[in-house]
Amino acid sequence: SSQSVLIETVQQEISKFTDCQAITDLKDTMTKARLYHSKLLRLRKEMTDLHEKSKRLKKRALKLQQQKQKEELTRAHNLEKELEKERMLTARVASNHD
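Residues numbered from 1 in each chain as written. Predicted model: local features only at pLDDT ≥ 70, side-chain atom pairs only at ≥ 80, totals over all residues. Heavy atoms only, no water.

Named according to an unreviewed UniProt entry, the chain is Biogenesis of lysosome-related organelles complex 1 subunit 6 originating from Candidula unifasciata.

*Asks:* I'd like a rundown of the overall build of the chain, residues and numbers included.
*Replies:* For the chain, the count of helices and strands is one helix and zero strands. Taking 98 residues into account, the globule formula puts the C-alpha radius of gyration at 13 Å, and the chain, at 42 Å, lies well above it. Dimensions of the chain along its principal axes, counting C-alpha atoms only, are 140 × 15 × 5 Å. Counting the 98 residues in the chain, one finds 0% classified as buried. As displayed, the chain has an accessible area near 9,800 Å², and 60% of this comes from carbon and sulfur atoms. Averaged over its 22 positive side-chain charges, the chain has a centre that lies 5 Å from the centre of its 15 negative ones. (Helix = DSSP H or I, 4+ residues; strand = E, 2+ residues; numbered from the N terminus. Rg over C-alpha atoms; globule rule 2.2 N^0.38 Å. Buried < 20%, exposed > 50% of the residue type's maximum accessible area, 1.4 Å probe, protein only. Areas by Shrake-Rupley, 256 points an atom, 1.4 Å probe, with all protein chains shown as cover. Lys, Arg positive; Asp, Glu negative; His and termini not counted. Charge placed at Lys NZ, Arg CZ, Asp CG, Glu CD.)

*Asks:* Now, about the environment of E72: what can you tell me, with residues and values included?
*Replies:* Considering the arrangement of structural elements, one finds E72 in helix α1 (residues 2-97). A relative accessible area of 44% places E72 in the partly exposed class. Sequence separation between E72 and K55 is 17 residues, and the spatial gap between their C-alpha atoms is 26 Å.

This is the structure:
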């Protein structure tokens, strides 16, 4: 009878320690969850920042490409004008020679 009371008491004490360990494990898990949550928020912010930067760079690249095309078109137009002027001058010189 004394042994069974002693065994029951020991089992209750073991149960208390097990509960304490479970609470400690739960606290550790919650701490890790908070840590992972803060990491997730930081990564989300970094991804948003990178997305915005990428969007700005694409917009800038498009503007630069359009500007380059416009300059190239202007250059080609000016070259065409110069060639036309040379043709006109060449034609006049030939007419004056005859």
